[in-house]
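Listed here are the chains, written in short residue letters.
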There are 2 protein chains.
Amino acid sequence: MPKLGMEPIRKTALVKATITEIGRAGSLDVTVGQIAKRAGMSTALAHHYFGGKEQIFLAAMRHILTLYSAEVRGALATAATPEARLEAILLASFSATNFRREVVSAWLNFYVLAQTVPGARRLLAVYQRRLHANILHALRPLIGARADAVTEALGALIDGVYLREALSPRPSDGKAAVRMLQAYLSAELRN
Amino acid sequence: MPKLGMEPIRKTALVKATITEIGRAGSLDVTVGQIAKRAGMSTALAHHYFGGKEQIFLAAMRHILTLYSAEVRGALATAATPEARLEAILLASFSATNFRREVVSAWLNFYVLAQTVPGARRLLAVYQRRLHANILHALRPLIGARADAVTEALGALIDGVYLREALSPRPSDGKAAVRMLQAYLSAELRN
DNA sequence: TTTTTTGTTGATTGACGAGTCAATAAACTT
DNA sequence: AAGTTTATTGACTCGTCAATCAACAAAAAA
């Protein structure tokens, strides 16, 4: 009993299911069958809409990146001062939506994926460039020439906190993460 | 033409081959066949000595952790002041042996492995505790109560730099990494 | 010298999973 | 009404891979 206009619905269902499954498996060792089942359809349909496993993964990654970007952009929109811009970036990065184990695990695995799949690498590069630009733009007026080095470090620190979160046995605590990052920043700004 | 006492030789060959293959594949998607071939033996022999793929992976991980620990311990041995201890840890972490793409990629993948395989998680926990203790011990006399927070941040920062290295298109530059970490430290110590 | 232990592999098994295909059916077009 | 497009799946193919096994060989022990 096929209803028309299913494509976008099926696709988003598959993308969400993919993130969930990667999160729960903690690896990319997830079969199309598992994903399709969680999304409530047959394997064949998943292939029909995406053409292959790799494309499903890429779509899922694109989805996470898009969500994150939107959140950052939204938070930046209302930030007036450089300090507020930095805070906005941090809050978005560790918001309840983004800083969930599932999502963090997916991120980690996308990093791994990016080592092999050029498409994934490109996506990640886009994200990294954007983050870099945002941070740099906020830092420049505050510390001038040192901004480059601090941007680098802050980016690495964010990734590091994510990485550790993926393995932490405790429940996610975005607040604590933000506090830590802000402590780092104030140490750098104070100088 | 079997020579006796092959076991340790074969085992180390397999461990090295595993790290190489994971590094070059950029993922844990490496077959026992590939590993065995690179180590110059048959698949069956690999199974014979290790019993299974998982144990090969764990042995490889143990090997990397052991090398790293030994290097840190060696560097710490000759460090007199707390500052020197910190530097020793950083230098060891980003030494030419440890901070190679191959090894870094293996690390990243072990992080992923640790999400699923309890044995891997345990190994990683040991490493993290040790690193934490070492840094904390050096920082305490310098900044007292703030040492805990800074230790946390420094650990995450190290991991983050590793993570980014795995994806960096440029060749590894341990020196630059150490400089960056030291810049962070001096900012924190100055306060 | 017979037996046991250690080293070694080619061939095989058995499972699993990605991707394809043919078939079925509802909706929309002409 | 006939034809086309969209949705959907069960069944199948084909490849891959972990793990096992039987068999062979050399050294050591008996």
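Model, not experiment: these values are computed from the prediction.

### Digging into the interface of chain B and chain A
Taken together, the contact between chain B and chain A spans 34 residues of the former and 34 residues of the latter. A per-residue breakdown of the area chain B buries against chain A is headed by Gln-115, Arg-164 and Leu-167 of chain B, which together make up 24% of the total. At the junction of chain B with chain A, the criterion picks out two salt bridges. Linking Arg-164 of chain B and Asp-159 of chain A is a salt bridge whose minimum nitrogen-to-oxygen distance equals 2.9 Å. Here chain B and chain A share 10 residue pairs in polar contact (both at pLDDT 80 or more) between them. When residues of the side of chain B that touches chain A are traced back to their parent elements, those giving at least two are helix H6 (101-116), helix H7 (118-143), helix H8 (147-167) and helix H9 (174-189) of chain B. At 12 residues, the largest contribution of residues to the side of chain B that touches chain A is made by H8 of chain B. When the residues that make up the side of chain B that touches chain A are grouped by side-chain class, the tally is 18 nonpolar, 10 polar and six charged.

### Thoughts on the relation of the copies chain B and chain A
Expressed as a screw operation, the relation of chain B to chain A combines 0.0 Å of axial shift with a rotation of 180°, fitting to an RMSD of 0.1 Å. Both copies of the chain, as the preceding transformation shows, are related through a two-fold rotation axis. Among all residues of chain B, the minimum C-alpha distance to the rotation axis is found for Gly-160 of chain B, at 1.8 Å. Both copies contact each other with a shared surface, as 100% of the interface residues of chain B are interface residues in chain A too.

### Focus on the environment of Arg-73 of chain B
With respect to the helices, strands and loops of the structure, Arg-73 of chain B is situated in helix H4 (residues 53-77). Classification of Arg-73 of chain B by relative accessible area gives exposed; the value is 53%.

### A word on the environment of Met-41 of chain A
Residues and elements named next belong to chain A. Locating Met-41 in the fold gives a position in the loop between helix H2 (32-38) and helix H3 (43-50). When the C-alpha atoms of Met-41 and Ser-168 are compared, they prove to be 33 Å apart, with 127 residues separating the residues in sequence. The residues contacting Met-41, other than those within four sequence positions of it, are Arg-10, Ala-13, Leu-14, Ala-36 and Ala-46.

### Brief notes about the confidence of the model for chain A
Across chain A, the average pLDDT comes to 96, with 98% of residues at 70 or higher. As scored by the predictor, the complex reaches a pTM of 0.95 and an ipTM of 0.93.

### Here we look at the packing of aromatic side chains
Evaluation of the coordinates by the stated rule reveals 15 aromatic pairs over all chains. Measuring from ring centre to ring centre gives 6.2 Å for Trp-107 of chain A and Tyr-162 of chain A, while their planes differ by 70°; the resulting arrangement is edge-to-face. Highlighted residues: Trp-107 of chain A in helix H6 (residues 101-116) and Tyr-162 of chain A in helix H8 (residues 147-167), separated in sequence by 55 residues. With relative accessibility at 9%, the residue Tyr-162 of chain A sits in the buried group. Here a set of aromatic residues connected by ring pairs shows up, and it is made of Tyr-68, Phe-94, Phe-99, Trp-107, Tyr-127 and Tyr-162 of chain A. Across from the ring centre of Phe-50 of chain B, 5.3 Å away, lies the NZ or CZ of Lys-11 of chain B, which sits over that ring.

### Some details on H6 of chain A
Taking 1.5 Å of rise per residue, the 16 residues of H6 of chain A would be expected to cover 22 Å, and the 23 Å separating its terminal C-alpha atoms lies within 8% of that figure. Among the 16 residues that make up H6 of chain A, 13 are buried, leaving the element largely enclosed by the rest of the structure.

### Some remarks on the packing of helix H1 (residues 6-25) of chain A against helix H4 (residues 53-77) of chain A
Residues and elements named next belong to chain A. Relative orientation of the contacting elements H1 and H4 amounts to 90°, with a least axis distance of 9 Å. What the angle tells us is that H1 and H4 run roughly perpendicular. Along the contact surface, H1 presents Val-15, Thr-18, Ile-19 and Ile-22, while H4 presents Ile-56, Phe-57, Ala-59, Ala-60, His-63 and Ile-64. Taken together, the residues of the contact of H1 with H4 sort by class into eight nonpolar, two polar and no charged.

### Some remarks on the environment of Ser-168 of chain A
Residues and elements named next belong to chain A. Position of Ser-168 relative to the elements: it lies in the loop between H8 and helix H9 (174-189). Here the alpha-carbon distance between Ser-168 and Val-112, two residues 56 residues apart in the chain, equals 19 Å. Among the polar contacts made by the side chain of Ser-168, one reaches the main-chain amide nitrogen of Arg-170 at a distance of 3.1 Å.

About the thresholds
Residues numbered from 1 in each chain as written. Chains lettered and ligands numbered in written order. Predicted model: local features only at pLDDT ≥ 70, side-chain atom pairs only at ≥ 80, totals over all residues. Heavy atoms only, no water. Contact = heavy atoms within 4.5 Å. Buried area = accessible area lost by both parts, 1.4 Å probe. Salt bridge = Lys/Arg side-chain N within 4 Å of Asp/Glu carboxyl O. Polar contact = N/O pair within 3.5 Å; in protein donor to acceptor, adjacent residues only side chain to side chain. Helix = DSSP H or I, 4+ residues; strand = E, 2+ residues; numbered from the N terminus. Nonpolar A, V, L, I, M, F, W, Y, C, P; charged D, E, K, R; others polar. Least-squares fit on C-alpha atoms with pLDDT ≥ 70 in both. Buried < 20%, exposed > 50% of the residue type's maximum accessible area, 1.4 Å probe, protein only. pLDDT = per-residue confidence, 0-100. Phe/Tyr/Trp six-rings, centres within 6.5 Å; stacked < 30°, edge-to-face > 60°. Lys NZ or Arg CZ within 6 Å of the ring centre and 35° of its normal. Expected span 1.5 Å × (residues − 1). Axes fitted to C-alpha atoms, helices over the stretch in contact; angles between N-to-C directions. Parallel < 35°, antiparallel > 145°, perpendicular 65-115°, else oblique.

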